[in-house]
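# Survey of secondary and tertiary structure
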Amino acid sequence: MSGIKDDFLSAARAAVGLLREPAVAGAWKEPSALPEFAVSGLAGHLAYQIFVVRQVLAGPVPSEETIPLLEHYKRARWVGASVDDEFNVGIRLGGEEVAAEGPAALADRAASAVEELAEVLPGTADRTVRMPIWGPWSLTLDDLLVTRLMELAVHSDDLAVSVGVPTPELTESAVETVVGLLSRLAVRRHGATAVLRALSRAERAPATIAAF
């Protein structure tokens, strides 16, 4: 099995552990650390990153163009959109729908999906796949898993901070993949000099090098 598959499954299992935290259930209807997101919706959005991989693998091989990973983020509608943008509102509503049965049921469904993927992914070639909410393009499976690994890492931190528990740790290779992706996106957004200064020169670092 490829490294990205291992890292995705490891991060997905860690996310399930976070979803099972009593603090998540205890704060279920409270606001999260993200604007306009309740803890419930954020938990649903986190679990969706697992469910969607199972969904795309069950679908047909798409026929539209397959694009590189960074081109995907160049085209993605949500990048740079406001919190009230229709697309982001839809993401929040979708998270609530996924979480509608409550914290225990969501965690159980996510755990079941991870174990199913652990059986399916090792024998799946790096075929092209398409997420249902994207535009008319596809990614390779490995690139899709990179995008979902990044989402699992970022939103696990969001959820952990929201409920006051430690952020799940990633494997070393998963950290390298996620930080590598975010760094490339940050360079594209802010320029190489800004990123280099932020990482090496605190006295002249820019205010932010956030990738999004």
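Anyway, here's the lowdown on the structure attached to this text. (Residues numbered from 1 in each chain as written. Predicted model: local features only at pLDDT ≥ 70, side-chain atom pairs only at ≥ 80, totals over all residues. Heavy atoms only, no water.)

Turning to the overall build of the protein, a few remarks are in order. Regarding its fold elements, the protein presents nine helices and two strands. Taken from the N to the C terminus, the helices and strands of the protein come in the order α-α-α-α-α-α-β-β-α-α-α. For the protein, the C-alpha radius of gyration of 17 Å lies close to 17 Å, the compact-globule estimate for 212 residues. Projected onto the principal axes, the alpha-carbon positions of the protein cover approximately 50 × 40 × 35 Å. (Helix = DSSP H or I, 4+ residues; strand = E, 2+ residues; numbered from the N terminus. Rg over C-alpha atoms; globule rule 2.2 N^0.38 Å.)

Two elements in contact, helix 1 (residues 3–19) and helix 6 (residues 103–120), have axes whose closest approach is 9 Å; the angle formed by their N-to-C orientations is 165°. Relative to helix 6, helix 1 is oriented roughly antiparallel. Note that helix 1 runs across helix 6; the crossing there is left-handed. Along the contact surface, helix 1 presents Phe8, Leu9, Ala12, Arg13, Val16 and Leu19, while helix 6 presents Leu106, Ala107, Ala110, Ala111, Val114, Glu115, Leu117 and Ala118. Its residues assigned to classes, the contact of helix 1 with helix 6 shows 12 nonpolar, no polar and two charged. (Axes fitted to C-alpha atoms, helices over the stretch in contact; angles between N-to-C directions. Parallel < 35°, antiparallel > 145°, perpendicular 65-115°, else oblique. Left-handed = near helix turned anticlockwise from the far one by under 90°. Contact = heavy atoms within 4.5 Å. Nonpolar A, V, L, I, M, F, W, Y, C, P; charged D, E, K, R; others polar.)

A few words on unusual backbone geometry. As a rule of thumb, non-glycine residues mostly have phi less than zero, and peptide bonds are mostly trans rather than cis. Non-glycine residue Glu36 carries a positive phi angle of around 70°. Among the secondary structure elements, Glu36 is positioned in the loop between helix 2 (22–26) and helix 3 (39–58). Residue classification places Glu36 among the exposed positions, given a relative accessible area of 61%. (Buried < 20%, exposed > 50% of the residue type's maximum accessible area, 1.4 Å probe, protein only.)

Pairing of side chains with opposite charge becomes possible as their charged atoms draw close. Evaluation of the coordinates by the stated rule reveals seven salt bridges. We note a salt bridge from Arg20 to Asp108, for which the minimum N-O separation is 2.8 Å. Remark: Asp108 occurs in helix 6 and Arg20 occurs in the loop between helix 1 and helix 2; sequence separation between them is 88 residues. According to the relative accessible area criterion, Asp108 is partly exposed, its value standing at 42%. (Salt bridge = Lys/Arg side-chain N within 4 Å of Asp/Glu carboxyl O.)

To continue, consider the nonpolar core. Counting residues in each nonpolar core, the largest one holds 62 residues, and the members touching the most others are Leu19, Ile50, Leu106 and Leu159. Considering each element in turn, this core owes the most residues, 12 residues, to helix 3. Setting aside chain neighbours within four positions, we find Leu106 in contact with Leu19, Trp28, Ala43, Gly44, Ala47, Phe51, Val98 and Ala99. (Core = buried A, V, L, I, M, F, W, Y, C linked by side-chain atoms within 4.5 Å.)

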